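# Close look at the chain arrangement
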Amino acid sequence: MVIIAVGVASWTYWQATQEQQQLQNDLTARTKLLARAVREAVEVNVANNFIATVDRSVKRLAERERVGGIVVFDSHAAVIAVSDPKHSTTELAALVGRALDIDQEQSRTFSVEGRDFYALALPLHDEQRVSGAVAILQQADYIKQEPWNIWRENFLRLFLKVLASVLALLLFIRWFLYRPISRLTTQLKSARLESGDAAPLRLPRIPFFRPLIREIMHIRSHLADARGRAEIEARLRMEKIDSPWTGDRLSEMAKEVLKDRMLVVVSNREPYIHTKSGGQLQYYFPASGMATAIEPLMRSCGGLWVAHGSGDADRQTVDAKDHVAVPPDDPRYTLRRIWLNPQDEQGYYFGFSNEGVWPLCHNAHVRPIFRKEDWEAYQRVNQQFANAVLQEIKDVQHPLIFVQDYLLALVPRMIKKQRRDAVVALFWHIPWPNSEAFSICPYRSEILDGMLGADLLGFHTQLHCNNFIDTVGRTMEALIDWEQFEVQRSHHTTMVKSFPISIAFPNGDANMIADPTTPRSSTDVREAFDIHTPHIVLGVDRIDYIKGLVEKLRAIELFFEKYPAYKEQVTFVQIAPSSREKIESYRQLDEQITSEVERINAQLRSARWKPIVFLKHRHTHEQLNQLYKAADVCLITSLHDGMNLVAKEYVAAHDDERGVLVVSQFAGVSRELKEAMVVNPYDVEQVADVIKWSLECPKAEEMRRMKKMREVLKQHNVYQWAAEILRTMVGLG
Ligand code: ADQ
């Protein structure tokens, strides 16, 4: 502004000077012309002394030419004629005198009565002689005045221009800056205050705002995301405080955190196995801890479950894509079945997984067997599972893949190699041994590498997490962050975290199928199994050396030896479905246990009592539930067990807050259910004594313990477990 003002002032000064000069020149020229005209009109009359004629001429010319004044002098500078007497001043006389003296025209500007006049004196001649002079007076005020006009005009113009510019600027700012910025501000403010879904952005389309708008859109979307997450977190935290997790809450939470993302579970065991019996299609739920735990998650969240189709009628029930909607009576999600050829199944499942990795991970003193051909089958089948998943997710962005267990350790790497956008988690349902025990595996590096393909690795207990990280540290090159519990390898990070698995509680067992033949009460159970004793001690274990069944039978025998008064007072009911019968050691164990039961029964039985009721067939979860309710004590003597869901199912069944739970110190559940009676299954004496203590436990103590364990289960049920895993997975990508 100052620069403009200085520029205008300089320009005006120059213009005013020029103008003034120009006016002065004009005035001089005009005056000269007039003076000459007057001279011509009066020269002869002055020479002849015709004063009256001169006077008339002067008055006429002064009027006609509209000049300031005309004065005619004689050769002595005395006034002969004057158009207006006030013009005859001494200054004019002096000027005329000089003109007469030197016989040359003279001019100057002077003031008459406060007004400026320009005067020109021109000598008159008679022949060669100076006969007088004529003086012309012209008003010259305007020459002084004109520069001020110019200054005023120019500054007025400048002022108007500045005013116009300021107005234009204000309008520009108002329309092109203030309005868009205020709109951006409103949008940002609404983004900051918004509670529900963000309203669509209506931002100005002005090119120079584009980078700013882009940033604002990012901020807004990040803000919306962060708020969304915080709201979910806060709500879930509040809900967590107020109420236990349920299937509905998990499904609501899953909808919120998954949005449109697809959830794929991958496991060896399928949740529903179709069989044919007497030409009739049937299905059953397998006796598998993994399936028991994952099923509620899939019921709540939907999605796809990829598993091995092991039933003899499985192929009959799938569509062209090997899909079948399950649960068959109330479809909630899709099961994609994988078909394994018998040799591969033998090598992968029975061989490498269950003769190799299973004993490797369980400290049950059974030597693992590693055969090269089993390892090759394991790799092939893992690839087969990975391929099936990759095919299912080929058109899906950012899917969540939840792989189950030691049978599919290589799948995470296989999937991640092809699909970096997928978030892959692997849950290890069995224990992880210490690094020394694991080091005997010839394929340890390959297994660890396969597992470390996952973004998240879950174990039941912190001890298993510690063992795993320690094993990685001692087996391969990897960066270990003990604080965050993360392993970094080949630019990929795997989080290692404990998620103690649980069961569907308190809203019942998802897999219970109403069956009219199921005993309804404790009396029904006693009748159904021909039990006549006041006490029942229950065991539910697959036939597996890790479950410590041989040790359990020894403890039962010792119990009756030590406390014979309990004969005919207690019946041990052992549910023991066979498993992995194709493995020689399992067959032998099955036989060993069966003959031990027979031996003890034969040795101790009476006419109306046998100490052990041994049930090898499959039961529905509802049947098991009735047995749990009827049992005074549940006895779990695992030599090593990741968690053991039977313990939790027993507690869940006791809404009467009665019953005593006895668990092995080597089962993960002993870390969680601290009110259980914890035993060392190898110490048969201790187990026998604890059975007695449990049967004699005062009712108040029994209820106190059961109540506390039910509280733990209520807070840490399978829905909470699944929610924690889902939330962690979503948080990883
Ligand atoms: P499992 O070794 O199979 O699981 P567990 O956790 O006890 O052991 O689960 C067994 C499941 O099978 C229970 O839900 C039980 O009700 C059911 N079941 C047992 N006998 C049955 C029968 N006769 N008929 C029908 N159902 C029967 C593995 C690990 C465990 C870990 C689970 C879950 O070995 O340590 O707790 O996975 O992660």
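First things first, this report covers the structure right here in the doc. Worth saying up front: this structure is predicted, and the values here are computed from it rather than measured.

This paragraph deals with the pairing of strand S11 (residues 333-338). Working note: regular strand, side chains alternate between the two faces of the sheet. Most of S11 is tucked away: five of the six residues are buried. Bridge count for strand S9 (residues 304-308) against S11 is five bridges, and the pairing is parallel. Among the inter-strand pairings, Trp305 is bridged to a residue of S11, identified as Leu335. Once strand S10 (residues 323-326) ends, the chain turns through six residues before running back antiparallel as S11.

For the structure on display, the rule yields 41 salt bridges. Residue Arg371 is joined to Glu355 by a salt bridge in which the shortest nitrogen-to-oxygen separation is 3.1 Å. With Arg371 in the loop between helix H9 (342-361) and helix H10 (372-392) and Glu355 in helix H9, this residue pair connects regions lying 16 residues apart in the sequence. For Glu355, a relative accessible area of 15% corresponds to the buried category. Measuring nitrogen to oxygen at the nearest pair gives 2.8 Å for the salt bridge that ties Arg419 to Asp421. Arg419 sits in the buried class, given a relative accessible area of 13%. Under the relative-accessibility criterion, Asp421 is labelled partly exposed at 24%.

For the rest of this paragraph, the subject is the side chain of Ser288. Tracing the backbone shows Ser288 in the loop between strand S8 (280-284) and helix H7 (289-301). For Ser288, the side chain forms a polar contact with the main-chain nitrogen of Met290, separated by 3.3 Å. Within polar-contact distance, the side chain of Ser288 engages the backbone nitrogen of Ala291 at 3.0 Å.

What follows is about the nonpolar core. Here is a general trend for soluble globular proteins: nonpolar side chains tend to be buried in one another's company. Within the largest apolar cluster, 100 residues are counted, with the highest numbers of intra-cluster contacts made by Tyr348, Ile401, Trp428, Met451, Phe468, Phe559 and Phe572. The element contributing the most residues to this core is H10, with nine residues. Shared between two domains, this core takes at least three residues from each, and those domains are domain 2 (246-339 + 394-498) and domain 3 (522-715). The residues touching Phe572, leaving out its near neighbours within four places in the chain, are Val537, Ile556, Phe559, Phe560, Pro611, Ile612, Val613, Leu635 and Ile691.

What counts as what
- Residues numbered from 1 in each chain as written.
- Predicted model: local features only at pLDDT ≥ 70, side-chain atom pairs only at ≥ 80, totals over all residues.
- Heavy atoms only, no water.
- Buried < 20%, exposed > 50% of the residue type's maximum accessible area, 1.4 Å probe, protein only.
- Helix = DSSP H or I, 4+ residues; strand = E, 2+ residues; numbered from the N terminus.
- Pairing = 2+ DSSP bridges.
- Salt bridge = Lys/Arg side-chain N within 4 Å of Asp/Glu carboxyl O.
- Polar contact = N/O pair within 3.5 Å; in protein donor to acceptor, adjacent residues only side chain to side chain.
- Core = buried A, V, L, I, M, F, W, Y, C linked by side-chain atoms within 4.5 Å.
- Domains from an automatic or database assignment.
- Contact = heavy atoms within 4.5 Å.

Take it as geometry only, folks, not as evidence of what the structure does.
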